[in-house]
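Observations on chain architecture
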Amino acid sequence: MSDQNRGAAFRALHQKGNPFILANAWDIGSAKMLAGLGAQAIGTSSAAHAFTLGRPDMGHISRDEALAHAQDLVAAVGVPISGDFENGFGDDPDTCAETVRLSYEAGLAGISIEDTALPAATPYDRALAIERIMAATASARALPGDFVLVARADGVMNAQYDLEEALARIAGYEAAGADCVYVPMPGSLADQARLCAATNLPVNALAAGPLSKVSRAEFAQAGVARISLGSALARVTHCVIRDASEAMFGGGDFTMMGTGMPGSAVDALLEE
């Protein structure tokens, strides 16, 4: 898929009230499995990628590492890939703009940029957060092909500000030219619906925590355009590793070793 077609195809998936699932992968194998099982688009996950490198979440992946990882996924599957690129890998608006350009050159259909001064959980001042998105969107619009820029307000999830501040920030992001907005873990489904009603832009919702119990139909009714998994699917995988290991090392129980997918079924998905 060409750069122009990739971005345009990804943008077309974003429809308010008709959400697609952005399936976050953490390596080539998981990306190929998810695409083979029906994912229309794949997202990277900064946390899940960090886990594969033996590192904790939040600010422990470099831009070069994130870009190389994304390029691996772009080469592995035919669906659009979106990058979870934390705070754009720098505080300065010009750095965010450069990250957009480099992401496009890596073959990505879009990226998300959050408002957190990593590796701390402290949010940028609202004015700076909006300025950063303005620079990123200006860079995106200067590209030769389509590119979807998602602006995140992470302060509610990080217990740094309330929903009212998140609403003010996404209004600023919309004015700055963002293509999609995202407030991870806003609270309840009613809070998610309020966010969707407050903007003309497509809204991403995170299917994690309390909202993991919400169905796609309920997200659609709330006005969501995109449902991402973040690191949740990777954490489910890590949960299986932990539970199986505790059973083996704690009680000599290998029962869970008999519950995996047949190798032939995995092979079939990886050969797609």
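Attention here is on the structure that accompanies the text. From a predicted model like this one, the values you see are computed outputs, not experimental measurements.

In this section: the overall build of the chain. Counting secondary structure elements, the chain contains 11 helices and 8 strands. In summary, the chain has a C-alpha radius of gyration of 18 Å against a globular reference of 19 Å for 272 residues, a match within 12%. Its C-alpha atoms put the chain at 55 × 40 × 35 Å along the principal axes. Looking at the 272 residues of the chain, the share that counts as buried comes to 51%. Taking the contacts inside the chain whose residues are at least 6 apart along the sequence as the reference set, 67% of them involve residues at least 24 apart. Surface summary for the chain: the accessible area is close to 11700 Å², and the carbon and sulfur share equals 56%. Side-chain charges of the chain comprise 18 positive and 32 negative groups, with the mean position of each set lying 4 Å from the other.

A surface patch of nonpolar side chains, about 470 Å² in accessible area, is lined by Val236, Val240, Phe254, Met256 and Met257. Note that Val236 resides in helix α10 (residues 232–251).

Before going further, it helps to examine helix α6 (residues 126–141). For α6, built from 16 residues, the straight-helix expectation of 22 Å at 1.5 Å per residue is met to within 8% by its first-to-last C-alpha distance of 22 Å. Buried within α6 are the following residues: Ala129, Ile130, Arg132, Ile133, Ala135, Ala136, Thr137, Ser139 and Ala140. Residues of α6 that are buried sit in contact with α5 (93–105), β4 (110–113), β5 (148–152) and α7 (163–176).

By the element assignment, Asn87 lies in the loop between β3 (81–84) and α5. At 3.0 Å, the side chain of Asn87 and the backbone nitrogen of Phe89 are in polar contact. In this view, Asn87 contacts Cys96, Ile113, Glu114, Thr116, Ala117, Leu118, Tyr124 and Arg132; residues no more than four positions away in its chain are not counted.

Side chains of nonpolar character tend, in soluble globular proteins, to be buried together. Core analysis: the largest hydrophobic core is formed by 58 residues, its most contacted members being Ile42, Val100 and Tyr173. Sorting elements by how many residues they give to this core places α7 first, with 6 residues. Those residues in contact with Tyr173 that lie beyond four places of it in its chain are Asp115, Ala129, Ile130, Ile133, Ala151, Arg152, Ala153, Ala178 and Val181. Judged by nonpolar contacts, the second largest core, of 12 residues, contains Phe20, Ala41, Val148 and Tyr182.

The next point concerns the layout of surface pockets. Its boundaries defined by the atoms lining it, the largest pocket holds a volume of some 460 Å³. Of the residues forming the lining of the largest pocket, the biggest block, 3 residues, is contributed by β3. Its residues assigned to classes, the lining of the largest pocket comprises 11 nonpolar, 11 polar and 8 charged. Looking at the second largest pocket, its volume works out to about 270 Å³. As for the second largest pocket, its lining consists of Met33, Leu233, Val236, Thr237, Val240, Ile241, Ala244, Gly260, Met261 and Val266. The biggest single contributor to the lining of the second largest pocket is α10, with 6 residues. Residues belonging to the lining of the second largest pocket are distributed by class as follows: 8 nonpolar, 2 polar and no charged.

Before going further, it helps to examine the pairing of strand β1 (residues 20–24). Counting buried residues in β1 gives 4 out of 5 residues, a clear majority hidden from the surface. Bridge analysis of β1 against strand β8 (residues 226–228) gives 3 bridges, and the strand direction is parallel. Counterpart to Leu22 in the pairing with β8 is Ser228. Here 3 bridges tie β1 to strand β2 (residues 41–43), and the two strands are oriented parallel to one another. Paired with Ala23 across the two strands is Ile42, which belongs to β2. As for the winding sense of the linkage, the β-α-β connection from β1 through helix α2 (residues 28–36) to β2 is right-handed.

Scoring rules and cut-offs
Residues numbered from 1 in each chain as written. Predicted model: local features only at pLDDT ≥ 70, side-chain atom pairs only at ≥ 80, totals over all residues. Heavy atoms only, no water. Helix = DSSP H or I, 4+ residues; strand = E, 2+ residues; numbered from the N terminus. Rg over C-alpha atoms; globule rule 2.2 N^0.38 Å. Buried < 20%, exposed > 50% of the residue type's maximum accessible area, 1.4 Å probe, protein only. Contact = heavy atoms within 4.5 Å. Areas by Shrake-Rupley, 256 points an atom, 1.4 Å probe, with all protein chains shown as cover. Lys, Arg positive; Asp, Glu negative; His and termini not counted. Charge placed at Lys NZ, Arg CZ, Asp CG, Glu CD. Patch = residues over 30% accessible without salt bridge, like charges linked within 9 Å, V, L, I, M, F, W, Y side chains within 5 Å. Salt bridge = Lys/Arg side-chain N within 4 Å of Asp/Glu carboxyl O. Expected span 1.5 Å × (residues − 1). Polar contact = N/O pair within 3.5 Å; in protein donor to acceptor, adjacent residues only side chain to side chain. Core = buried A, V, L, I, M, F, W, Y, C linked by side-chain atoms within 4.5 Å. 1 Å grid on protein atoms, 1.4 Å probe; cavity = no way out; pocket = protein on both sides within 12 Å on 5 of 7 lines; lining within 4 Å. Points joined across faces, edges and corners; volume = space filled by probe spheres on them. Nonpolar A, V, L, I, M, F, W, Y, C, P; charged D, E, K, R; others polar. Pairing = 2+ DSSP bridges. Right-handed = clockwise from strand over helix to strand, strands pointing away.

Keep in mind that these numbers describe shape and distance, not what the molecule does.
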